[in-house]
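Working through the structure, step by step
This is what each chain is made of:
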Protein chains: 2
Amino acid sequence: MTDHKRPTSFDVARVAGVSRSAVSRAFTPGASINAQTREKIIAAAQDIGYRVNTLARNLQTQESQLVAVLASRMDSPVRARQVKLLTHALIKEGYRPLLLTAESASDVPRLLSSMLDYCLSGMIVTSDSPPDALIEECAKLQVPVVLINRDPSLAGGDRVQIDPKAAGHLAFDTLRAAGVQRFAAILPQDKTYSVAGRVLAFQAAALHAGFDCVLIPSEGQSYDAGRQAVIKHWDQISHCDGIFGATDLATCGVLDALRHDLGRSVPSDIQVLGFDDIEQASWGSYNMSSIKQDLEGQVSMAVAAMRQRLTDPDTPASLQYQTLTPVLRGTTK
Amino acid sequence: MTDHKRPTSFDVARVAGVSRSAVSRAFTPGASINAQTREKIIAAAQDIGYRVNTLARNLQTQESQLVAVLASRMDSPVRARQVKLLTHALIKEGYRPLLLTAESASDVPRLLSSMLDYCLSGMIVTSDSPPDALIEECAKLQVPVVLINRDPSLAGGDRVQIDPKAAGHLAFDTLRAAGVQRFAAILPQDKTYSVAGRVLAFQAAALHAGFDCVLIPSEGQSYDAGRQAVIKHWDQISHCDGIFGATDLATCGVLDALRHDLGRSVPSDIQVLGFDDIEQASWGSYNMSSIKQDLEGQVSMAVAAMRQRLTDPDTPASLQYQTLTPVLRGTTK
DNA sequence: ATGAAAGCGCTAACAT
DNA sequence: ATGTTAGCGCTTTCAT
């Protein structure tokens, strides 16, 4: 342990017999430097255990490679998967994902605000609480912001989202094709843009096709919310033969309510369709038909949009829709 | 948009009519500065939209508040919850969690190595692949490392973990108390220290108490692994009346295999016990008895250990066990 | 309590 | 291609 202090570019320069700029160049990908010199420097660096101090580099370049990922309900299956894919993609591109899990919406602003001091390379928001003013602040500071499934009525930033209309229609078409005639859908009361959007679109599609569609409110998007909603409002939907669950998580609850609490048989008494295609939907006890959103695609679009804005801040704000695919399992005929 | 450039402490100093040192002190919690001066400075800062540049501060203090969180299988329910709690705890303590999801174990070293250049305040590893050499490197660089449920035979760092022996015994006692006589357990072949440890301890406890215990291998810890393991090795366990599933995720698969693939009835034909108490265990279709690990406690111990080592690097390496609680539901009598 | 001055370790213009 | 010279924006002795 002779080295208590990290060696600096100065040390390497001395050992390799070059200037500090040379050292810097040796560690900068596209720099103009002789291949031999570079090797010599790298070797010297290896030797004394030198590594570029990112902090210093960042200060100089005013760029940190840090990308804030703002996510709520981190332990829900979709979000967990989303975050996983997002971090992979970011890391692969050389970024460093800073995970900010929004607990109470109230402390998001302060938190995010403090993050800004890190000279973020970007920010990806997949939270529910759209920190409106914050987005503006980011824009002001030239920090690219990508919004995943956020309400488009809110301020700028690039967007990647599900087309609520398309989603609702696809859900309707899927159930209709399975023979459903009397529709119902769960409408979570926490008013998440994307979720509420597709449920409303689902209803609209049904009405437009000349069918009725009962909307029953749920406390939120959790398993329990779905389960309780069905139990509580059973009288309103007992005549229905098909129900759209808005999210798979809630739909698992819907299924359990139907089968275990209400003693219905799925799909013979009533058909059920979820949304997201989470892992649990494919589990034996549920075997749930769902609509799969392409999370991989979503994530790569988001990262690409960020990168694009980073290279050219004047790119017009983009809006991309991700693809949706029905996955038919045992809860539909 | 008159200000295209972020204001610096210099600007604040000029506006407030003080020196840059004063500005620095105004933004440093315990600094010796007159309350009035501080207010004046804060006001001026507000006015021109100044915020401390964390990058510069970090460079100076040689400390980022960045904590690397290394996690694998991010989309499994336990891990997702763990990461969520971890990030909350870290953020609450003023740290910034950098999420590194280990995809292929091969690129972990490079990744982590590059992270070290950020002058990490700490590292929390809850991954499966214990990046042995890396831990040493961290130690060398004085970066506190906390290992959650990692093999204790590996190099230093503070540890928070389940006591495998205690876990195995508790599982055995729980099933035994429910009347089980012929035991079986799933043993995932990916040799995760904590999981394999408790399964082996479970078997040891059974043998020690004079009961037999069949161990059946599973491909891993996933739902599918559990399900397939039971189907494949059914002949070996068909005579058993109690099975310990090692992890809840796999145990969901075990239950579905038993009920849907093999037509058994749980708990009358055979009782089932999981481990972790993930959310899905409580879902109606599973209603699974399990052993709950105290994730909140685990996380706060981990953060505390990190903080402790940060303040006093010479603290002897700590080892803490988290509490375990049986949660009895419908898959045991 | 405050200010002056000296870095923290690096990169980037500008010469050569 | 390489070295020289300035900073990046902040904190921190050291005086006062």
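Residues numbered from 1 in each chain as written. Chains lettered and ligands numbered in written order. Predicted model: local features only at pLDDT ≥ 70, side-chain atom pairs only at ≥ 80, totals over all residues. Heavy atoms only, no water.

What follows deals with unusual backbone geometry. Cis geometry marks the peptide bond from Val266(A) to Pro267(A); its omega dihedral reads 5°. Counting through the fold element by element, Pro267(A) comes out in the loop between helix H12 (248-261) and strand E9 (271-273). A positive phi angle is found at Ala246(A), which is not glycine, with a value near 75°. By the secondary structure assignment, Ala246(A) is in the loop between strand E8 (242-244) and H12. Classification of Ala246(A) by relative accessible area gives buried; the value is 0%. Even without being glycine, Asp277(B) reaches a positive phi, approximately 55°. Mapped onto the elements of the fold, Asp277(B) is located in the loop between strand E9 (271-273) and strand E10 (290-293). By relative accessible area, Asp277(B) is classed as buried at 17%. (Helix = DSSP H or I, 4+ residues; strand = E, 2+ residues; numbered from the N terminus. Buried < 20%, exposed > 50% of the residue type's maximum accessible area, 1.4 Å probe, protein only.)

What follows deals with the domain arrangement of chain A. Frequently, the measure chosen for interface size is the accessible area removed from exposure when the parts meet. Residue and element names in this part refer to chain A. For chain A, the assigned domains are domain 1 (9-52), domain 2 (66-162 + 295-323) and domain 3 (164-293). Taking both sides of the interface into account, the surface hidden between domain 2 and domain 3 amounts to around 1100 Å²; carbon and sulfur atoms contribute 59%. On the domain 2 side of the interface with domain 3, the three residues burying the most area are Pro-77, Val-78 and Ile-162, jointly 44% of the side's total. Put simply, domain 2 and domain 3 have 0 salt bridges between them. (Domains from an automatic or database assignment. Buried area = accessible area lost by both parts, 1.4 Å probe. Salt bridge = Lys/Arg side-chain N within 4 Å of Asp/Glu carboxyl O.)

Expressed as a screw operation, the relation of chain A to chain B combines 0.0 Å of axial shift with a rotation of 180°, fitting to an RMSD of 0.1 Å. The symmetry that links the two subunits is that of a two-fold axis. The C-alpha atom lying nearest the rotation axis in chain A is that of Leu98(A); the distance is 2.2 Å. Both copies contact each other with a shared surface, as 98% of the interface residues of chain A are interface residues in chain B too. (Least-squares fit on C-alpha atoms with pLDDT ≥ 70 in both. Contact = heavy atoms within 4.5 Å.)

This next bit is on the protein's contact with DNA strand C. Around DNA strand C there are 26 residues in total, and Ser9(A), Arg20(A), Tyr50(A), Arg57(A) and Thr37(B) lie nearest to it. Backbone atoms, meaning sugar and phosphate, make up 57% of the atoms of DNA strand C lying within 4 Å of the protein. Ser19(B) places a main-chain nitrogen or oxygen 3.0 Å from a phosphate oxygen of DNA strand C. Separating a base nitrogen of DNA strand C from a side-chain N or O atom of Ser21(B) is a distance of 2.9 Å. Looking at the surface near DNA strand C, the elements with two or more residues in it are helix H2 (20-26) and helix H4 (54-61) of chain A together with helix H2 (20-26) and helix H4 (54-61) of chain B. (Near = heavy atom within 4 Å. Polar contact = N/O pair within 3.5 Å; in protein donor to acceptor, adjacent residues only side chain to side chain.)

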